[in-house]
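Architecture and fold: a report
Spelled out from the first residue to the last, the chains are:
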Amino acid sequence: MNNPYESQSARISFISRQTDNIKLFRFELGKKIKYQPGQFVELSLPGFGEAPFAPCGDAKENYIELCVRNAGKLTAKLHEMKVGDKVGLRGPFGNGVWPLNKYDFKKQKNLFIAVGGLGFVPLRTLILGKDDLLGSGTKVQIFYGAKSPDDMLFRHEYDRWKKQNIQLELTVDKECVGWKGCTGLVTTLFDKHEVVQNSVAFICGPPVMYRPILEKLQKLGFADEDIYLSLERRMHCGIGVCQHCAVGPYYTCKDGPVFSWAQLKTIPEAI
Amino acid sequence: MTQGGLEKFVAYLRQNGWPIFGPVFSAEKTEEVSPFLAAHQPKSAHKDGQIYIKEIQKAEDLDLSGQLPFYSFKRFFVPEQECLFQYEKEKLDQPEKEQKAALLGMSILDLKAVNLYDQVFEKDPYYQLRRRNLLIIGYSLTPEIQGNLFEIEYEENILEHLPFDIFLVKTDKAFKVFTGSIKGQRVLEDFGYKDYQHIQYSGPVKEGKLEERMERLRDRLKNHPNPQIWEELGKICIECGKCTLACPTCFCFRIDDKPALKEGAGKRTREWDSCFYQEFSEVAGGHKFLKTTAARILFWYYHKFARIPDEFDFMGCVGCKRCAKVCPVGINIEEVLKKIENS
Ligand SMILES: Cc1cc2nc3c(=O)[nH]c(=O)nc-3n(C[C@H](O)[C@H](O)[C@H](O)COP(=O)(O)OP(=O)(O)OC[C@H]3O[C@@H](n4cnc5c(N)ncnc54)[C@H](O)[C@@H]3O)c2cc1C
Ligand code: SF4
Ligand code: SF4
Ligand code: FES
């Protein structure tokens, strides 16, 4: 019988520092983990536990890339590790991948993305696979807020993305030396830039930013079914059994972590 | 089967490597087990003791009065703690093999809980291995089942919806014997007993219509939420988690790594958790998604009466009232369910 708690051994083959407490790790695997943007994997370090992370690399590649913030026991240990060290990975988990099949991106829908902090992570997979997943004609507009310019993830890749019909608008929480762009929360970007017409909205980031962004989107006339958000919850099993991640009738690990606002709006404390 | 026959059957099972566990009356005073229980619910069928599940040597040791054991049989199916694997540096090892055990005297309510475990842990290799090593011998008086919230009674056609290997029904002087699995048949035949009737298991739910009470409770929780119920309960519940320990259908778990003395060695364990504990919904950085006691107690009821019905078409409560018996502040599920239904 398959053991859902068994992970496969994965070797760190590349590490790049993104910010002072976030690193990107690349893992080589014996058996490819096929995933869709929005799904997640469980990373295991015996002695330090297990935790969920959303892959952020190119889904076509055989390796998996995770962008990990040093936040506690397991992540602190991972941050100490070096190229050649081994971890365990199991997955992918989650059903609620960004609903790419529901819309015909090739013909009409554009994509509006609002992300804050680490919420950018799973969307990178979407950007890297844009031509296959969405079609080269789709306009992608991203509003991204970070604490400071130094906290911006993937910043050396922005120039490349801009050439692919991707509009990237940035903001940082507070004014700081050397930053000439926008300051304030992600919502301030709504006052400065027009949101692309005829689009589906994806939101991912710290829970505090969800309500204000939802309000902006609703004012712009987005239907609840066309707004998608990724939920964060504590997880232990990843397969819809342990109950830690339950939200109303759903399991974030199994039915999510991406949900449409239409699914969540009647559930108290969903966001 | 006569009482004498049962005595011989018990001896036979023990000789064949089945340690037997069943309801046993114990003179340990209620105060010793639960001072709260003694204070809040002084009326108990056995004034000077309680029924516990213990290993028995003889059938005579069993208490077959039909009173539910204080704790359920949960830990035989979903143990307090189990090892998923052992680690030493990069080496991983599977845990030791499971022991055989026969559970004699499981009531209809406790068997309903097994229906739930069987569904929840259908794809779980640890559960499946343990389950294969259990011999389930159900038992009922006719027709009454004591202390039961949903007025369930013994009737013969209930048996096809219960998971058991062997089932004993108390008649005047003897036991009527049923089997519910090939394993049960084999054990009886090997013992030399043939006077049984086989019942083909047809799933946990009666074909055709869903239970009305379940539908009503789910509808109320999902479509007509009444926050007042939870706010009131939130004011009295002290989040001790005793109800989750006592409840046969509470199976939430956490997964942790437990270090051993040897450098780099230890085991990954799965153990009971409780949605009443503060850490249950806490993520790195300290944010909790279940912020208040009211939110936690709603979570508990919502799981049993909305999420489980959604997943499996039956309720996540077997009506045994054990939760009410252990609650130090006297929260009584029977009253809470009435409040939900009237909201
Ligand atoms: C679907 C999903 C995708 C995620 N993707 C990323 C990502 O790409 N990059 C990233 O840096 N972080 C991500 N996180 C958050 C990440 O899982 C936590 O930062 C991590 O669990 C912290 O573990 P720790 O042992 O270092 O922290 P500790 O505080 O020591 O946590 C102990 C244990 O609690 C649980 N836990 C704690 N925080 C969380 C949490 N936020 N979510 C789930 N379980 C938690 C885990 O079981 C963890 O092992 C994601 C979370 C979810 C739910
Ligand atoms: S009555 Fe209480 S203890 Fe018994 S199954 Fe229902 S919730 Fe659990
Ligand atoms: S036993 Fe009673 S007080 Fe304790 S957690 Fe359960 S409901 Fe709350
Ligand atoms: S993580 Fe266990 S149910 Fe979702």
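None of these values were measured; they are calculated from a predicted model.

**Some words on the domain arrangement of chain B**
Residues and elements named next belong to chain B. Domain assignment breaks chain B into domain 1 (3-198) and domain 2 (212-341). Computed over C-alpha atoms only, the centres of domain 1 and domain 2 are separated by 24 Å. Tallying the contact residues gives 40 residues for domain 1 and 44 residues for domain 2. Carbon and sulfur atoms supply 61% of the area that domain 1 and domain 2 bury against each other, a total of about 3,700 Å² over both sides.

**Here's the deal with the sheet that holds strand β2 (residues 22-29) of chain A**
By definition, the strands of a sheet pair up through backbone hydrogen bonds, in either a parallel or an antiparallel sense. All names here are of chain A. Read from one edge of the open sheet, six strands run β4-β3-β6-β1-β2-β5, paired in antiparallel fashion. In this open sheet, the two edge strands, each paired with only one partner strand, are β4 (49-53) and β5 (64-69). Each strand axis lies, on average, 40° off the axis of its neighbour in the sheet, ignoring direction. One ladder, built from five bridges, connects strand β3 (residues 40-45) with β4; its direction is antiparallel. Within β4, the residue paired with Val41 across the bridge is Phe53.

**Some remarks on the interface of chain B and chain A**
Taken residue by residue, the interface counts 40 residues in chain B and 32 residues in chain A. Of the roughly 2,900 Å² buried at the junction of chain B and chain A (both faces included), carbon and sulfur atoms supply 56%. At the boundary of chain B with chain A, the tally comes to one salt bridge. With its nearest N and O atoms 3.8 Å apart, the salt bridge here joins Arg268(B) to Glu50(A). Where chain B packs against chain A, one counts 18 residue pairs in polar contact (both at pLDDT 80 or more). The element contributing the most residues to the side of chain B that touches chain A is helix α11 (residues 293-312) of chain B, with seven residues. The residue inventory of the side of chain B that touches chain A, partitioned by class, reads 20 nonpolar, four polar and 16 charged.

**Things to note about the site of ligand 3**
Residues in contact with ligand 3, as listed here, are Cys237(B), Ile238(B), Glu239(B), Cys240(B), Gly241(B), Lys242(B), Cys243(B), Phe276(B), Cys327(B), Pro328(B), Val329(B) and Ile331(B). Counted by class, the shell around ligand 3 contains nine nonpolar, one polar and two charged residues.

**Focus on the site of ligand 1**
Near ligand 1 there are 22 residues, and of these Pro52(A), Arg69(A), Thr75(A), Glu232(A) and Ala284(B) occur at the shortest range. The site occupied by ligand 1 is bordered by residues of chains A and B. For ligand 1, an oxygen atom lies 2.8 Å from a polar atom in the backbone of Glu50(A). The contact in question runs from a nitrogen atom of ligand 1 to an N or O atom on the backbone of Ala54(A), over 3.1 Å. Only β4, β5 and α1 (73-80) of chain A provide two or more residues apiece to the shell around ligand 1. Tallying contributions element by element places β4(A) first for the shell around ligand 1, with four residues. Partitioned by chemical class, the residues of the shell around ligand 1 number 14 nonpolar, two polar and six charged.

The rules behind these values
- Residues numbered from 1 in each chain as written.
- Chains lettered and ligands numbered in written order.
- Predicted model: local features only at pLDDT ≥ 70, side-chain atom pairs only at ≥ 80, totals over all residues.
- Heavy atoms only, no water.
- Domains from an automatic or database assignment.
- Contact = heavy atoms within 4.5 Å.
- Buried area = accessible area lost by both parts, 1.4 Å probe.
- Pairing = 2+ DSSP bridges.
- Helix = DSSP H or I, 4+ residues; strand = E, 2+ residues; numbered from the N terminus.
- Axes fitted to C-alpha atoms, helices over the stretch in contact; angles between N-to-C directions.
- Salt bridge = Lys/Arg side-chain N within 4 Å of Asp/Glu carboxyl O.
- Polar contact = N/O pair within 3.5 Å; in protein donor to acceptor, adjacent residues only side chain to side chain.
- Nonpolar A, V, L, I, M, F, W, Y, C, P; charged D, E, K, R; others polar.
- Near = heavy atom within 4 Å.

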